[in-house]
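A look at the structure
So the chains spell out like this:
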Amino acid sequence: MAAELLTDGWLSAVAQALADLPGLDGADAVVQTVVSGSPARAVAFHAIFETGRLTVLARGRHYEPDVVLNWSYEDFEALWFGELSLEVAFMRGQVKVEGDHALLFDGLRPVRSSARLLPALAALRVRA
């Protein structure tokens, strides 16, 4: 059974699922995500990528993120379950992006479009 979205268990499960993925040709980046309106109120977490590999996924705000994504709970949930893409959410104004847009949409594209990413997360992307 998948952990409830945005809980500590979910963060741990996502980090563990991605820990063994090899590095990709992606950029180094710190991506912070803030989700408002979740059952747990506002939730912030950050991901640190080094050479396209996730090295840290932790609750809380990072002191110097390259990119900050601001989501409503409903839109983040749709993204997580594959019902919404980052690009479409951005074009529709469903995610507010602060910081380095080129890094997010181009530099991290190899990570976001990796053929290994979705299979690694598949067991966690099941609705309860």
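See the structure above.
Residues numbered from 1 in each chain as written. Predicted model: local features only at pLDDT ≥ 70, side-chain atom pairs only at ≥ 80, totals over all residues. Heavy atoms only, no water.

Some points on the layout of surface pockets
Its volume calculated, the largest pocket comes out at about 980 Å³. Lining the largest pocket we find 37 residues, and of these L79, W80, R112, L117 and L121 sit closest to its centre. In terms of residue class, the lining of the largest pocket is made up of 25 nonpolar, six polar and six charged. (1 Å grid on protein atoms, 1.4 Å probe; cavity = no way out; pocket = protein on both sides within 12 Å on 5 of 7 lines; lining within 4 Å. Points joined across faces, edges and corners; volume = space filled by probe spheres on them. Nonpolar A, V, L, I, M, F, W, Y, C, P; charged D, E, K, R; others polar.)

So, the side chain of D75
Here D75 is to be found in helix 2 (residues 73-80). With no salt bridge to any partner, buried D75 finds its closest opposite charge in R92, at an N-O distance of 7.3 Å. In this structure, D75 is in contact with L84 and Q94, ignoring residues within four places of it in sequence. (Helix = DSSP H or I, 4+ residues; strand = E, 2+ residues; numbered from the N terminus. Buried < 20%, exposed > 50% of the residue type's maximum accessible area, 1.4 Å probe, protein only. Lys, Arg positive; Asp, Glu negative; His and termini not counted. Salt bridge = Lys/Arg side-chain N within 4 Å of Asp/Glu carboxyl O. Contact = heavy atoms within 4.5 Å.)

A closer look at the side chain of Q32
By the element assignment, Q32 lies in strand 1 (residues 29-38). A polar side-chain atom of Q32 sits 2.7 Å from the main-chain amide nitrogen of H62. Among all residues touching Q32, those that are not within four sequence positions of it are F45, H46, R61, H62, P65, V67, V68 and L69. (Polar contact = N/O pair within 3.5 Å; in protein donor to acceptor, adjacent residues only side chain to side chain.)

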